[in-house]
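# Observations on chain architecture
The chain contents come next:
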Amino acid sequence: MKEIEKSSRSESTYYVLLTPDGYFKDAFEDLFLEDDECNYTFTDSIEGAYRFEKLDGKYDAPKYLWNDTKSIENITEALEYLGGEIHSVTEIIETKTKYLIV
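As the structure is a computational prediction, the values presented were derived from the model and not from experiment. (Residues numbered from 1 in each chain as written. Predicted model: local features only at pLDDT ≥ 70, side-chain atom pairs only at ≥ 80, totals over all residues. Heavy atoms only, no water.)

### Considering the side chain of T19
- Structurally, the position occupied by T19 is in strand β1 (residues 2-19).
- Classification of T19 as buried rests on a relative accessible area of 7%.
- A polar side-chain atom of T19 sits 2.7 Å from the main-chain carbonyl oxygen of G22.
- Residue contacts for T19: discarding those within four places in its chain leaves F42, L82, G83 and G84. (Helix = DSSP H or I, 4+ residues; strand = E, 2+ residues; numbered from the N terminus. Buried < 20%, exposed > 50% of the residue type's maximum accessible area, 1.4 Å probe, protein only. Polar contact = N/O pair within 3.5 Å; in protein donor to acceptor, adjacent residues only side chain to side chain. Contact = heavy atoms within 4.5 Å.)

### Considering the packing of aromatic side chains
- A complete count under the given rule lists six aromatic pairs for this structure.
- Each ring, one from F24 and one from Y50, has its centre 6.0 Å from the other, and the planes form 65°; the classification is edge-to-face. In this pair, F24 sits in strand β2 (residues 22-27) while Y50 sits in the loop between β3 (40-43) and α1 (75-82), placing the two residues 26 residues apart along the sequence.
- Aromatic pair Y50 and F52: ring centres 4.8 Å apart, planes at 70°, arrangement edge-to-face. (Phe/Tyr/Trp six-rings, centres within 6.5 Å; stacked < 30°, edge-to-face > 60°.)

### Topic: the environment of E77
- Here E77 lies in helix α1.
- On a C-alpha basis, the gap between E77 and N67 in space is 9.0 Å, while along the polypeptide they are ten residues apart.
- Looking at E77, its side chain comes within polar contact range of the main-chain nitrogen of E73, at 2.9 Å.

### Some thoughts on the pairing of β1
- In this structure, β1 lies alongside strand β4 (residues 85-101), joined through 17 bridges in antiparallel fashion. By the bridge assignment for β4, K2 is matched with I101.
- The loop that links β1 with its antiparallel partner β2 comprises two residues. (Pairing = 2+ DSSP bridges.)

Laid out in structure tokens, this is it:
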């Protein structure tokens, strides 16, 4: 029997928005919401947080995230609207694969 092992590693950095209600998760179309309901959600898990790729990138926010007058385009505008703080996240994924040849 022969064993072959392969390892790989990937790293990515992105930004999340931590608000008083938790990490911003997503925004959705608000066709059927009541006037006092919000069209965005929060999560306690950083894995479920919305990933903003840049601090000032246009069109980096969810399509349906709006303030009272216009579409929110990036994490800086989302921070102004929702409050909280921006966190930089570096995600490192390491995988190890073993092949057993018999």
